[in-house]
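# Overview (structure and organization)
Given next are the chains, with one letter for each unit.
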Amino acid sequence: MRNLTGSEALLQSLLHEGVDTIFGYPGGAIMPVFDALYDHKNDIKHILVRHEQGAIHAAQGYARVSKKVGVALVTSGPGATNAITGITDAMMDSTPLVVISGQVASSLLGSDAFQEADVIGVTQPVTKWAYQIRRVEDVPWAVSRAFYIAASGRPGPVVLDIAKDAQTKECEFSYGKTTFLRSYQPEIESCMEKIKQAAELINRAKKPLALVGQGVILGNAEKELIAFLEKGNIPFGSTILGLSAVPSNHSLNMGMLGMHGNIAPNLKTNECDVLIAIGMRFDDRVTGDLNTYAKQAEVIHFDIDRAEMDKNVKTTVKVLGNAKQTLPLVTALMEKNSHADWIGEFKPLYEKERRCVIDDELHPAEGAIKMGEVVNKITEATGNKAVCVTDVGQNQMMGTRYFKYTQSRSMVTSGGLGTMGFGLPAAIGAKYGAPDRKVCVFVGDGGLQMTIQEFGTIMEHGVDVKIILLNNNFLGMVRQWQELFFDERYSETQMKNPDFIKIAEAYGIKGKKVTERGDLDAAIDEMLTHKGAYLLEVAVETKGMVYPMIPAGTCVTNILLGNGHTI
């Protein structure tokens, strides 16, 4: 027990929680904490970003690849409100964060003081917990609970808003890690009756299909999932956030679900007799029209969050709990199976997609460079071992469709919120979270310019990220919708862009622009072997399309293939 200022108590509390990296931006109301941080340079790395949104996205990237809680530190008022987009993104994608914001002195609260904002009121709807620290004595207590809540159960962001006087006053410091809160039950004990019901349904199934979501990755249940799938010989599709839970080349992996997912798992969703959802929330981009979604199937839903059960899709059996615990219980009661005929039905659909879409995208004979071929060449050049980060738009869909994975936690993207500008700062965070892995981030010309100031973070800290700009001089995904559904009225989607290579060079980032297919392989090799950050700008086809595509709100079997092809 010793007396510490609130700022020092905050940092000591973070050290007790194993924090080694913080992403942040200083300001008046959080200055005492940054002053205390000055004496902890050997304990905690602080990564000075160029915008608070970048701090949150970087903390997300760090958390997604490292299995740790991401931490961000911002000031009051605009500092905190600039963080709202990232906090909301983290809530949608169940990313564990602790975001610490400065606040005016407690005596000034409610007086409209300089840079005061109702941070708790603003963030409560988009966090697991938001708490304002007004007393220095509450600092360790609040930090301990924040980390427990952020990381346990279904993870998510927590906000601690700390008044300036709580940072400067002193109190006796002691720290105890939180392991239980009476009003909060993150782990639910499995119901053995439901476990038995699930196993019985799976054992009777003739055409089972599993849908793998990010809950498997968040629960560290990858091995348990593979054992479950292989014992039942159950084919599966993955949500975008569930990608990389199982290696891409696994024989039961039928591809990606959703609007721009693979034909086979989407079509077979409406043909299977038992649909097994594991750690996913039946997002509308996966289900399409709920009135026509999997009506023939009995549905088993594995999830840690009771609120997800029957929220969108009516389930036959609800298996509550962490998949790491529930999957082995079901697997133990399952019969070893084959389902060879059922699995064989997927192959012709994949072959059709390959002929109608994939071959033209990955191996075009002529014409402009395509996004898919760039992604494919890069994943092959990395041995499918890199962390793939994407921004949002066509670059995201091409990245998720064609990047391949050999290990888990290899896909970092903005799923639920779809935040343009996510990619670059998230890649910075991912590199800190997985320093020994190569990090490749795919961005579009629109999304890159939303957080392009984070080139400064890369420059200052020497972050070795490989940035692949797929430049079509359009807001590509919006343009695609305008072409398909708005009579080609390209309203405000064409972009007049700067010289991105010169901008990168101004920040000390090596770069190259490729306009000819024949130069692409050498440029990729140069990028991947270069020590340090690298911007590879590729001029891709101006009006490229992402196919397959299920139009929003329609049946999952209503799949567009483009180029005159039909299902």
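For every chain, the first residue of the written sequence is number 1, and numbering continues from 1 onward in sequence order. A pLDDT threshold of at least 70 governs which residues receive local features in this predicted model, and a stricter bar of 80 or more applies before side-chain atom pairs are shown or counted, although totals over entire chains, interfaces and linings include all residues. Only heavy atoms go into the side-chain values, all of them from the structure, while hydrogens and water stay out.

## Describing the overall build of the protein
- Within the protein, the secondary structure is distributed over 24 helices and 20 strands.
- At 24 Å, the protein has a C-alpha radius of gyration in line with the 24 Å of a compact globule built from 567 residues.
- In terms of principal-axis extent, the alpha carbons of the protein reach across some 70 × 60 × 40 Å.
- To sort residues, take the accessible area from a 1.4 Å probe on protein chains only and compare it with the maximum for the residue type: under 20% means buried, over 50% means exposed, and anything in between is partly exposed. Within the protein, the proportion of its 567 residues that are buried is 60%.
- Whether two residues are in contact is decided by their heavy atoms: any pair within 4.5 Å suffices. Sequence separation of 24 or more characterises 76% of the internal contacts of the protein that already satisfy a separation of 6 or more.
- Note on areas: these come from Shrake-Rupley sampling with a 1.4 Å probe, and a residue is covered only by the protein chains present in the view. Summing over all exposed atoms, the protein offers an accessible surface of approximately 22,400 Å²; the carbon and sulfur share of this is 49%. Here a strand is any run of E in DSSP of at least two residues, a helix any run of H or I of at least four, and the numbering for each starts at the N terminus. C-alpha atoms define the radius of gyration in this analysis, and the globule rule sets the expected value at 2.2 Å times the number of residues to the power 0.38.

## Thoughts on the pattern of salt bridges
- Here, a salt bridge means any Lys or Arg side-chain nitrogen found within 4 Å of an Asp or Glu carboxyl oxygen. Using the criterion set out here, one finds 29 salt bridges in the structure.
- Close ionic contact of K268 with E271 constitutes a salt bridge, the shortest N to O distance being 2.7 Å.
- Its relative accessible area of 35% is what places E271 among the partly exposed residues.
- E373 serves as the salt-bridge partner of R517, at 2.7 Å between the closest nitrogen and oxygen. Residue R517 is found in the loop between β19 (510-514) and α24 (520-529), and its partner E373 is found in helix α17 (residues 371-381); the two are separated by 144 residues along the sequence.

## Examining the environment of D93
- With respect to the helices and strands, the residue D93 is situated in the loop between α5 (84-92) and β5 (97-103).
- When the C-alpha atoms of D93 and T413 are compared, they prove to be 9.2 Å apart, with 320 residues separating the residues in sequence.
- For D93, the residues in contact, after removing those within four places along its chain, are R64, Q214, L241, T413, S414, G415 and G416.
- Counted as a polar contact is a pair of N or O atoms within 3.5 Å, where, for protein atoms, one must be capable of donating a hydrogen and the other of accepting one, and residues adjacent in sequence contribute only when both atoms are in side chains. Only 2.8 Å separates the side chain of D93 from the backbone nitrogen of G415, close enough to count as a polar contact.

## Structural notes on the nonpolar core
- F228, L275, I276, I278 and I300 are the most contacted members of the largest nonpolar core, which totals 97 residues.
- Looking at this core element by element, the count peaks at six residues for helix α16 (residues 346-362).
- Each domain's limits were defined by an automated method or a database of domain assignments. Shared between two domains, this core takes at least three residues from each, and those domains are domain 2 (192-346) and domain 3 (369-539).
- Look past the residues within four positions of I276 in its chain and what remains in contact with it is I202, P208, L209, A210, L211, F228, I234, I300 and F302.
- Core analysis: the next-biggest nonpolar cluster, separate from the first, contains 51 residues, A72, V159, V465 and A504 among them. Residues belong to a common nonpolar core when they are buried Ala, Val, Leu, Ile, Met, Phe, Trp, Tyr or Cys residues joined through side-chain atoms within 4.5 Å.

## Quick look at the sheet that holds strand β18 (residues 466-471)
- At least two DSSP bridges between two strands are required for those strands to pair. The sheet built from six strands is open, its strands ordered β16-β15-β17-β18-β20-β19 with parallel pairing. One side of each edge strand has no neighbouring strand; the edge strands of this open sheet are β16 (411-412) and β19.
- Here six bridges tie β18 to strand β20 (residues 534-539), and the two strands are oriented parallel to one another. Bridging across to β20, L469 finds its partner in E537.

## Quick notes on the pairing of strand β17 (residues 439-444)
- The buried count for β17 comes to six of six residues, which makes it a mostly enclosed element.
- Of the two faces of β17, the one carrying V439, V441 and V443 and the one carrying C440, F442 and G444 are both buried.
- Here four bridges tie strand β15 (residues 387-390) to β17, and the two strands are oriented parallel to one another. In the strand pairing of β17, C388 is matched with C440.

## Quick notes on the domain arrangement of the protein
- As far as domains go, the protein holds domain 1 (2-173), domain 2 (192-346) and domain 3 (369-539).
- One C-alpha centre belongs to domain 1, the other to domain 3, and the line joining them spans 29 Å.
- At the interface, 25 residues of domain 1 touch 27 residues of domain 3.
- Buried surface area refers to the total accessible area, computed with a probe of radius 1.4 Å, that the two partners give up upon joining, counted for both partners together. Together domain 1 and domain 3 conceal approximately 2,000 Å² of surface at their shared face, both sides included; 63% is due to carbon and sulfur atoms.
- It is R50, R64 and V65 in domain 1 that bury the most area against domain 3; as a group they hold 31% of the surface buried on that side.
- Inspection of the domain 1/domain 3 interface yields twelve residue pairs in polar contact (both at pLDDT 80 or more).
- Residue assignment for the side of domain 1 that touches domain 3 shows that the elements contributing at least two residues are β3 (45-48), α3 (52-66) and α5.
- When residues in the side of domain 1 that touches domain 3 are grouped by element, the largest group, eleven residues, is from α3.
- Classifying every residue of the side of domain 1 that touches domain 3 gives nine nonpolar, ten polar and six charged. Under the grouping applied here, Gly and all other residues not named as nonpolar or charged are polar, the nonpolar ones being Ala, Val, Leu, Ile, Met, Phe, Trp, Tyr, Cys and Pro and the charged ones Asp, Glu, Lys and Arg.

## Some remarks on helix α18 (residues 394-402)
- Of all the nine residues making up α18, nine are buried; the element is thus mostly covered by neighbouring parts of the structure.
- Those residues of α18 not exposed but buried are Q394, N395, Q396, M397, M398, G399, T400, R401 and Y402.

## Considerations on helix α14 (residues 323-333)
- Within α14, burial applies to A323, T326, L327, V330 and T331. Down the axis, α14 shows its buried residues gathered within 135 degrees of arc, on one side only.
- Turning to α14, the residues buried within the fold contact α9 (192-204), α11 (222-232), β12 (274-278), β13 (298-303) and β14 (317-320). Regarding the arc, it is the one traced by the directions from the helix axis to the C-beta atoms.

## Section: the sheet that holds β14
- The parallel open sheet is built from six strands, whose spatial order is β11-β10-β9-β12-β13-β14. Unpaired on one side and paired on the other, β11 (253-256) and β14 mark the two borders of the sheet. Neighbour-to-neighbour, the strand axes of this sheet turn through a mean angle of 20 degrees, independent of strand direction.
- Two strands pair when backbone bridges link them, and β12 and β13 are joined in this way by five bridges, in the parallel orientation. Bridging across to β13, L275 finds its partner in V299.
- Across the sheet, α9 is in contact with β12, β13 and β14; its angle to β14 comes to roughly 125 degrees. Every axis corresponds to a line fitted to the C-alpha atoms, with the helix fit spanning only the stretch in contact, and the corresponding angles, defined between N-to-C directions, vary from 0 to 180 degrees.

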